[in-house]
Amino acid sequence: MKFQGFLGRTSRFVLCLTASYALPLYAAPETQAPLVTRAALDPSLVDDRGANAHFVEQEAENAVTDGTIIGPARSAYTLPAEASGRAAVKLLPGQYVEFTLPRAANAITVRYSIPDSPTGGGITAPLDVSVNGTSPVTMTLTSQYSWLYNQYPFSNDPNADLLFPDQYITECACVPSATTPPPIITKPFRPNHFYDEQRLPLGHTYHAGDKIRLTAPTSSNAAWTIIDLLDSELVGPPHRDKSAVNVQLFGADPTGQRDSADAFDAAIAFAKLRHREVYLPPGIYQVNRHILVDNVTIEGAGNWYTIVKGHQVTLSTPLPDGSVHTGVGFYGKYAADGGSSNVHLSGFAIEGDVRERIDSDQVNGVGGALSNSTIEGLYIHHTKVGMWLDGPMSNLIVRNNIIVDQIADGINFHTGVTDSVVANNFVRNTGDDALAMWSEKIEDANNTFDHNTVQTPVLANGIALYGGTDNTVSNNLVADPIREGSGLQVGSRFGAQPFTGSLWITNNTTVRSGPFELNWNIGLGAIWIYALEGSIDADIEVVGNSFLDNTYNAIMLVSDFPVKDLYTITNVHFKDDRVDGTGTSVVSARVAGSASFENVDARNVGAVGVNNCGSFHFTPAGSEFTLIDLGSNDGGGTTGPWLAPWELPNTITCDDRPPVVPPPPPSPWDTSE
């Protein structure tokens, strides 16, 4: 059975498990054990948090190379900042980076960046892959899905003028169209979304100690190639289901030459009549529109084997929802049409063709309303949003999926999603919130985001909750948010329904979070509680979390300045949390209200433990924000205990933009501390 993998739109080879051509083996010499990480951390620091992925992650900056390590650095709009761990390796033509396999593998994923074309739209460039010094196989890398510019919702043109010259920008601290003389705006303006990734089946099983070398050939047309990391895995044999309805019997083309959408529809209709499942055998199937799913099970051979791939198609007339394009995606019926139920999708990849952000477009991997359903084992790549679910809907389980390189969100529970679970998913390089619950119009309720890994969301947050009741965020790992968001956000914004009942944020780990907020020109917290459109007074329990290597603050509670006298944040309870490293404070309060703290331990704190500005009235009675000390809040940093008696209950300690003291790398916490 062929082992077919997606190598990019212009890749030269697709290797097969039983193909006669494979990279040959030989015994690798004994060397030091390769360094395996999770979110660029020692795995012991994130034990039992995040997704239990099938692959092993190795950072390029820890590998052998004759290239140049870039970073670590955290300034937005730079290549190191968007790399996992905020560092990567830059290869000039002729240079290499070499990884030693930590365990058996027959497939790899390479996360990389190459330059854009001078006028936008991307280029392609070769990357040679060899194992143990063998003749290389060439991957064809592309920047066609990366490199965005300018103000939100961004441009693909590096030479474009400001999209909104009548809006304030921090680069000139001005409104450009209202400024005389007009400011000089450097182009390209705010380049971002630099990275992409590709998967490559190796055609053979290699073993621990074998060496995979990635080389930018001397003939490369790319001035440079950045290698961020290598994921390696041992992919099992394809899943087979002879009793299911095979789409190929209805004309689906596994070579990808002909559009198979109608064949998919016919197979689904037949299977529903016969109460059978639908099977997608190994192959690449071209699908250029939505596949409507309701009361059906669709299973592939595995997401390395079954690939559903489509072009983005411009519609002759916009749809009622505002879409001007369509593309590959599996959609339930919309809630207004009754929604879908009993849908089960598993074991295939969805490869989209989305290169620009158009918020009205429904060009997502999975969409619509899916109640009493499961989505499992999918690989979703190059769509706008991996899964955008529009409720009301209930009882959806989303688990064991990989969602990467999205223009916008990873997964969004939008409007009235209830009693649903997102668990053990891996999400990397989203262009907006990686995981979100957005209670627009109708609250999301009784949902859980558990044991997911989020890496490098380029814009916005790792995990965000906008309103809702009785939701849980637990045991997740969130790393490297880049700008205008943070690791975890609780936000009264975007027209969301108020928070009610309880919200549990428990046993999560964030790392290298608390980034710089461009619009406010201040640093955020790894957890960011934001009262923008209303007060937040639900019972919020923040328990057992670890906030590691925070660029600025670990915890921020804030209201926007124009509404600072309208809204408050109260009834927030921090307990049994650990903070290891802050560039500034443990807590930054820029709002009226209160929060309690119990057994919150901190170390390597770069500034005063509590930066308490309240609502900026600086009254003789102290700050408008009160800290309630429930005991056992230990540790501190350069200024002594982080929660010192003199700071309680509401001492004004406001420093609007304190200097940043980069913390040391996180390390294991002594259980006796």
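Parameters and conventions
- Residues numbered from 1 in each chain as written.
- Predicted model: local features only at pLDDT ≥ 70, side-chain atom pairs only at ≥ 80, totals over all residues.
- Heavy atoms only, no water.
- Buried < 20%, exposed > 50% of the residue type's maximum accessible area, 1.4 Å probe, protein only.
- Helix = DSSP H or I, 4+ residues; strand = E, 2+ residues; numbered from the N terminus.
- Pairing = 2+ DSSP bridges.
- pLDDT = per-residue confidence, 0-100.
- Contact = heavy atoms within 4.5 Å.
- Salt bridge = Lys/Arg side-chain N within 4 Å of Asp/Glu carboxyl O.
- Polar contact = N/O pair within 3.5 Å; in protein donor to acceptor, adjacent residues only side chain to side chain.

## Considering the pairing of strand E32 (residues 411–414)
- Covered by surrounding structure in E32 are Ile411 and Phe413 together with Asn412 and His414, the residues of both alternating faces.
- When strand E28 (residues 387–390) meets E32, the two strands line up parallel, connected through 4 bridges. Of the residues in E32, the one forming a bridge with aspartate 390 is histidine 414.
- Note: E32 against strand E36 (residues 435–438), 4 bridges, orientation parallel. Note that in E36 the partner of phenylalanine 413 across the bridge is methionine 437.

## Side note on the confidence of the model for the protein chain
- Per-residue confidence for the protein chain gives a mean pLDDT of 94; residues scoring 70 or more make up 95%.
- Contacts for the low-pLDDT stretch residues 1–30, under 50 throughout, to residues beyond four places or in other chains number 94 contacts.

## Regarding the sheet that holds strand E8 (residues 137–142)
- Taken in spatial order, the 5 strands make up an open sheet running E2-E5-E10-E7-E8, and their pairing is antiparallel. Looking along the sheet, the strands with just one partner apiece sit at the ends: strand E2 (64–65) and E8.
- Looking at chain direction, E2 and strand E5 (residues 96–100) are connected through 2 bridges and run antiparallel. Paired with threonine 65 across the two strands is valine 97, which belongs to E5.

## Thoughts on the pattern of salt bridges
- Within this structure, the stated rule accounts for 21 salt bridges.
- A salt bridge links arginine 428 to aspartate 231; the nearest nitrogen and oxygen atoms lie 2.7 Å apart. Taken as a pair, arginine 428 in strand E35 (residues 426–428) and aspartate 231 in strand E11 (residues 225–233) lie far apart in primary sequence, 197 residues in all.
- Overall, the relative accessible area of 1% leaves arginine 428 in the buried class.

## Structural notes on the side chain of asparagine 471
- With respect to the element layout, asparagine 471 can be found in strand E40 (residues 468–474).
- Relative accessible area serves as the criterion here: at 2%, asparagine 471 is assigned to the buried category.
- In terms of polar contacts, asparagine 471 uses its side chain to reach the backbone amide nitrogen of asparagine 446, at 3.1 Å.
- Apart from the residues within four sequence positions on either side, asparagine 471 is in contact with Met437, Asp444, Ala445, Asn446, Asn447, Leu465, Ser502, Leu503 and Trp504.

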